[in-house]
Each structure stands twice: as C-alpha cells, then as structure tokens.
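Descriptive structure summary
Here is what each chain is made of, one letter per residue.
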Amino acid sequence: MDFALSDTERAIRDTARDFITREVMPLEQELLRRERAHRPGLEPDELRELQLKARAFGFWGLATPEAYGGMDLPAVTQSLIWTELGRSYVPFRFGGEADNILFRANEEQQREFLIPTIEGERRSCFAITEPGAGSDAANIRFSARRDGDDWVLNGEKTFITGGNEADFAIVIAVTDREKGARNGGATAFLVDRAMGWRSEFIQTMGEGGPAALVFDDVRVPHRNILGEPGQGFALAMEWIGKGRYTIPSHAVGIAERALRMAIDYATTRQTFGRPIGDNQAIQWMIADSETELEAARWLILRAAWTVDQGMDPRHASSMAKLYGAGMVNRVVDRVLQIHGGMGYTRELPVERWYRQVRLYRIFEGTDEMQRLIIARDLLRGYTRLGGHLA
Ligand SMILES: Cc1cc2nc3c(=O)[nH]c(=O)nc-3n(C[C@H](O)[C@H](O)[C@H](O)COP(=O)(O)OP(=O)(O)OC[C@H]3O[C@@H](n4cnc5c(N)ncnc54)[C@H](O)[C@@H]3O)c2cc1C
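Residues numbered from 1 in each chain as written. Predicted model: local features only at pLDDT ≥ 70, side-chain atom pairs only at ≥ 80, totals over all residues. Heavy atoms only, no water.

Points about the nonpolar core
The condition that has to hold: The nonpolar core is taken to be a set of buried Ala, Val, Leu, Ile, Met, Phe, Trp, Tyr and Cys residues, with the residues joined through side-chain atoms within 4.5 Å. The cut-offs for exposure are 20% and 50% of the maximum accessible area for each residue type, with area from a 1.4 Å probe on protein chains only; residues under the lower value are buried, those over the upper are exposed, and the others partly exposed. The secondary structure listing takes helices from DSSP runs of H or I that are at least 4 residues long and strands from runs of E that are at least 2 residues long, numbered from the N terminus. Here a residue-residue contact requires only that any non-hydrogen atoms of the pair lie within 4.5 Å.
Of all hydrophobic cores here, the largest spans 42 residues; its most connected members are Met 327, Val 328, Ile 338 and Trp 353. Among the elements of the structure, α2 (28–36), α4 (75–86), α6 (232–268), α7 (280–308), α8 (314–338) and α10 (350–358) are those that each provide at least two residues to this core. The element contributing the most residues to this core is α6, with 12 residues. Among residues more than four places away in sequence, those in contact with Met 327 are Ala 251, Val 252, Ala 255, Glu 292, Leu 293 and Ala 296.

Right, dumping it as structure tokens:
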C-alpha cells in the first residue's frame, strides 16, 4: 500500500499552492475590509482577471476535457487542488469549468451554452431544489407543459447558488407527473434569463447569497432540453455527485489553515504567565482537530480514487461528504474557541469560516441524507463492510 503522492500529483498541487499563495492570499485583508462594509469581497471582474492569470500559469478547466481546452485532471488531483483552494478564504476558483452535465449538451447547445461557460463569457446555475422539495428532490412540482415546439415552464426554485448572476439556468422540471421525477418524469432544460425567469436574492448567514428563481409561463423551445426528455433526475444526481468529494476537499484546506492559526495563537497568547498551548484543554482541541483532519483527508482521497478507478463512488463519496463537512465544523469551532474573544471578531477570518462551513452540512445532500445513503447501502447489501479491501 502506497500513501504517497506521485511526482505529477505533487508538482501540480505545489504549483496550485504557489499560485494561491502569491496571487490570491494577498487579497485576504482587503476582502475582510470590504465584507465588513457589506460589499462583495471579490468583484466578478477581479475573479476573472485572477482566472486568466492562472490560465497563463497552466490552470484552466481542472475537470474539463482536453478537447475543450481543459486539464482533464484525475479526481485525486482535483481533490488536492480543491484543498489548496480551501486554504484561502478569498472565494477564488480556477476558470475554464462548466457544470459536469453541460458536457451532455448536443453540438448546437454546446456552442450556445457549454463553450461560453467554459470561457467565462456566460454564467450558469443549477436548479432542482424547490420550497417544497429539498432532500426529497423526487418530490419536485415545478412543471413543464408541452405546447407545440415549445415547453411552458411554471414554478419556483429556491436556494440556487449563482442564481442572482446567472445568464442561464439548468432547471429540472416535471414533464410527466404520472411517471414521477425518479422514473423518467423529469427533464432538464437550459433556460436563458432572457426567456423570462427572474431571480430574488436570499439573505443567508454566509457572504453573498443564493437566489429564488421564479418562472411564470416561461416559454422554452424543445431544442433546449439537455440530454433526453425524462433524463432530468439522473442528470441532477450526476451534478450533485461531483460535489460529494470536492466540497469536503475544500473543507480540508479550510481546516488545515484554521488549525495552523490556532497552533500559532496557542504558542503566542499568554494567560496566567504562560502560553495557552501549555494547557491540556487547548492541546486536546488541537489533537482532536489534527486527528479528524487526517481521517477526513484519507476518506476524501479514497472517494476521489474510487472515481478514478471507474468504481461506483457513491458510498465512499457520501462518507467523505458527511465526515468532511462535520470535521470542518468541529475544527473551526475549536479554532474559534482557542482564539477566545478575538475569534468572535471580524478582524480575523475565523468567524467567517464558522458561518461559511455551516452550509457544508446542508447543501448537496444534508448530513442526514448522507447517513441515509450509507446505511441503506449496507442494509440492502449494495456495499460490503470494509469497502474495496473487503
Ligand atoms: C446556500 C445554499 C446553496 C444551495 N445551492 C443550491 C443549488 O445551487 N441548487 C439547488 O438545486 N439547490 C441548492 N441548495 C439547496 C440544498 O441542496 C437544500 O437546502 C438541501 O438539499 C436540503 O433541503 P431543504 O433545505 O429543503 O431541507 P429539508 O429537505 O426540508 O430537510 C430539513 C431537515 O430535515 C432533514 N431530513 C429530511 N428528510 C429526512 C429523512 N428522511 N430522515 C432524516 N432527516 C431528514 C434534513 O436533513 C434537514 O436536516 C442550496 C442550499 C443552500 C442553503
């Protein structure tokens, strides 16, 4: 068994780290200043400029096939890079990406939606959640009714990341209520904002915010169906599946950076005439955090490795998402505690992480949904105890 990174994995990881350290981290203090003034921490044109700089560095389209100008990196390497991205709280991500399911688009749709998204000229959002259907996604009610060569879309989607800024939405709608969403009754549509949907900003405890998307008799041509009619639910699950190892990979980067801050603080902050790190109470918080971080790291890399082996990654990914999301919440909470009152202020990024990572236990499948999947896999015998080593 070899736990080492290959030379290539290490080289790519280190180059990403260099870029983030040199180009992204210097923006951190300004980001906190802007957010304290209730302004966006990073403007879209600043993000774009950074992404183009990274492109010159060779980082463009981590998951995008080479035929589309991307790097087409294995999942393990992508996971390592998402961890590097997590080290900075500037919401930077590499450019040249598109939603994984947009690659299912036909040639005409690729020209209209996929290529401009990869190039950063158009922005997408993905919408399945509704006010009445989140975890229970198969219960969506948002409808699409056929009318000649068009479909007429009605309903509301909620909590849609990027929905305020998107030029078009990938929307999952019910096209056959009899069949039900899970059994071929849902379809994915590519819907330009110009076709008539509107978005409403939703305030959250995090910086920025998702949107509600409102569709009121929005006419969409039949040619805007993504994939096949009836394939919507399967495409949605494919979209969600990707985040199950990238989200916790990001969490590992956050937890590492936060824990580093806590260790530095524990060795310099003095109470009762000695550093707080001399106290067992503080040492245990550091020890528990490091142990959980290490456990999460391997669980996540194993999930990514499973993707690269062409094995079904769902069980491993659910464990990675569940544990990684919980881990980063516990670590950031301890890091805040170690910083005392300073941790609670907006001078430091700790309270920002605290607000940010709470979401990781909710979106793209809550903790409870991950547990449900893991237990169901075992109870129904889809997965053996011991995983691929069994
Ligand atoms: C900031 C943000 C961004 C998001 N981005 C997107 C996006 O881009 N696109 C998109 O489509 N959606 C998005 N979502 C939606 C997100 O995926 C849902 O919020 C999530 O799936 C949970 O659904 P819900 O909020 O309706 O909670 P519910 O499904 O109502 O669940 C409420 C609680 O009950 C628990 N629960 C539900 N059923 C069970 C059960 N059977 N057993 C045990 N516990 C259960 C849940 O785990 C949760 O704790 C986003 C959400 C947020 C907050």
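So, the site of the ligand
Short version of the rule: Any residue with at least one heavy atom within 4 Å of a molecule or strand is counted as near it. The definition of a polar contact used here is a pair of N or O atoms within 3.5 Å, where within protein one atom must be able to donate a hydrogen and the other to accept one, and adjacent residues in sequence count solely through side-chain atom pairs. Exposure was quantified through the Shrake-Rupley algorithm and a 1.4 Å probe, taking into account, for residues, occlusion by the shown protein chains and nothing else. In the scheme used here, Gly and all other residues not listed as nonpolar or charged are polar, with Ala, Val, Leu, Ile, Met, Phe, Trp, Tyr, Cys and Pro taken as nonpolar and Asp, Glu, Lys and Arg as charged.
In the neighbourhood of the ligand, 18 residues make up the surrounding shell, with Thr 129, Ser 135, Phe 159, Thr 366 and Glu 368 lying closest. In this structure, a nitrogen atom belonging to the ligand sits 2.8 Å away from a main-chain N or O atom of Phe 159. At 2.7 Å from a nitrogen atom of the ligand is found a side-chain nitrogen or oxygen belonging to Thr 161. Protein chains shield 63% of the accessible area of the ligand, which is 970 Å² for the free molecule. Here the element with the most residues in the shell around the ligand is helix α11 (residues 367–379); it accounts for 3 residues. Residue composition of the shell around the ligand, by class: 11 nonpolar, 5 polar and 2 charged.

Here's the deal with the layout of surface pockets
In plain terms, the rule: Buried and open spaces are told apart on a 1 Å grid over the protein atoms alone, a cavity being a set of points where a 1.4 Å probe fits but cannot get out and a pocket being an open set with protein on both sides within 12 Å along at least five of seven lines. Residues with an atom within 4 Å of a point are the lining residues. Grid points are joined across faces, edges and corners, and a volume is the space filled by probe spheres set on the points.
Roughly 690 Å³ of internal volume is contained in the second largest pocket. Those elements that provide at least two residues to the lining of the second largest pocket are α7 and α8. Take the lining of the second largest pocket: its biggest share by element is 6 residues, from α7.

Looking at a nonpolar patch on the surface
To be explicit about the condition: Two distance rules govern patches: like charges are joined within 9 Å, and nonpolar side chains (Val, Leu, Ile, Met, Phe, Trp, Tyr) within 5 Å, applied only to residues with over 30% relative accessible area and no salt bridge. Within this document, salt bridges are pairs made up of a side-chain nitrogen of Lys or Arg and a carboxyl oxygen of Asp or Glu, the two lying within 4 Å of each other.
A cluster of nonpolar side chains, Met 1, Phe 3, Trp 298 and Leu 389, forms an exposed patch at the surface whose accessible area comes to about 520 Å². Turning to its location among the elements, Phe 3 is positioned in the segment before α1 (7–24). Relative accessible area serves as the criterion here: at 52%, Phe 3 is assigned to the exposed category.

Regarding the packing of α6 against α10
The condition is simple: Under this scheme, a helix contributes an axis fitted over its contacting stretch, all axes are lines through C-alpha atoms, and angles between N-to-C directions fall in the 0 to 180 degree range. Here is the rule for angles: anything less than 35 degrees is roughly parallel, anything more than 145 is roughly antiparallel, 65 through 115 is roughly perpendicular, and the remaining ranges are oblique. By convention, the crossing between two helices is left-handed when the near helix turns anticlockwise from the far helix through less than a right angle, and right-handed when the turn is clockwise.
Relative to each other, α6 and α10 sit at 155°, their axes nearing to 11 Å. Between α6 and α10, the crossing angle belongs to the class labelled roughly antiparallel. Here α6 runs over α10; the crossing is left-handed. Across the interface between the two elements, His 250, Ile 254, Arg 257, Ala 258 and Met 261 from α6 touch Val 350, Trp 353, Gln 356 and Val 357 from α10. Its residues assigned to classes, the contact of α6 with α10 shows 6 nonpolar, 2 polar and 1 charged.

What about the pattern of salt bridges?
Under the defined criterion, the tally for this structure stands at 31 salt bridges. In this structure, the salt-bridge partner of Glu 256 is Arg 87, at a minimum N-O distance of 2.5 Å. Here Glu 256 is found in helix α6, whereas its partner Arg 87 is found in the loop between α4 and α5 (107–118), with 169 residues between them in sequence. Overall, Arg 87 belongs to the buried group, its relative accessible area being 15%. The network of salt bridges with shared partners includes Arg 17, Glu 84, Arg 87, Glu 256, Glu 294 and Arg 297.

Quick notes on the environment of Arg 123
Relative to the elements of secondary structure, Arg 123 occurs in the loop between α5 and β1 (124–127). Under the relative-accessibility criterion, Arg 123 is labelled partly exposed at 40%. Taking the C-alpha atoms as reference, Arg 123 lies 9.2 Å from Gly 163; in sequence the two are 40 residues apart. Discounting residues that sit within four places of it in the chain, Arg 123 has contacts with Pro 44, Glu 165, Ala 166, Asp 167 and Phe 168.

Some words on empty space enclosed by the protein
The probe, sized like a water molecule, is rolled over the atoms to show the empty space still left. Under the defined criterion, the tally for this structure stands at 1 cavity of 30 Å³ or more. Within this model, the largest cavity holds a volume of roughly 50 Å³. Lining the largest cavity, in full, are Leu 32, Glu 35, Arg 36, Glu 207, Arg 346, Leu 348, Pro 349, Glu 351, Arg 352 and Arg 355. Secondary-structure elements contributing two or more residues to the lining of the largest cavity are α2 and α10. When grouped by side-chain class, the residues that make up the lining of the largest cavity number 3 nonpolar, no polar and 7 charged.

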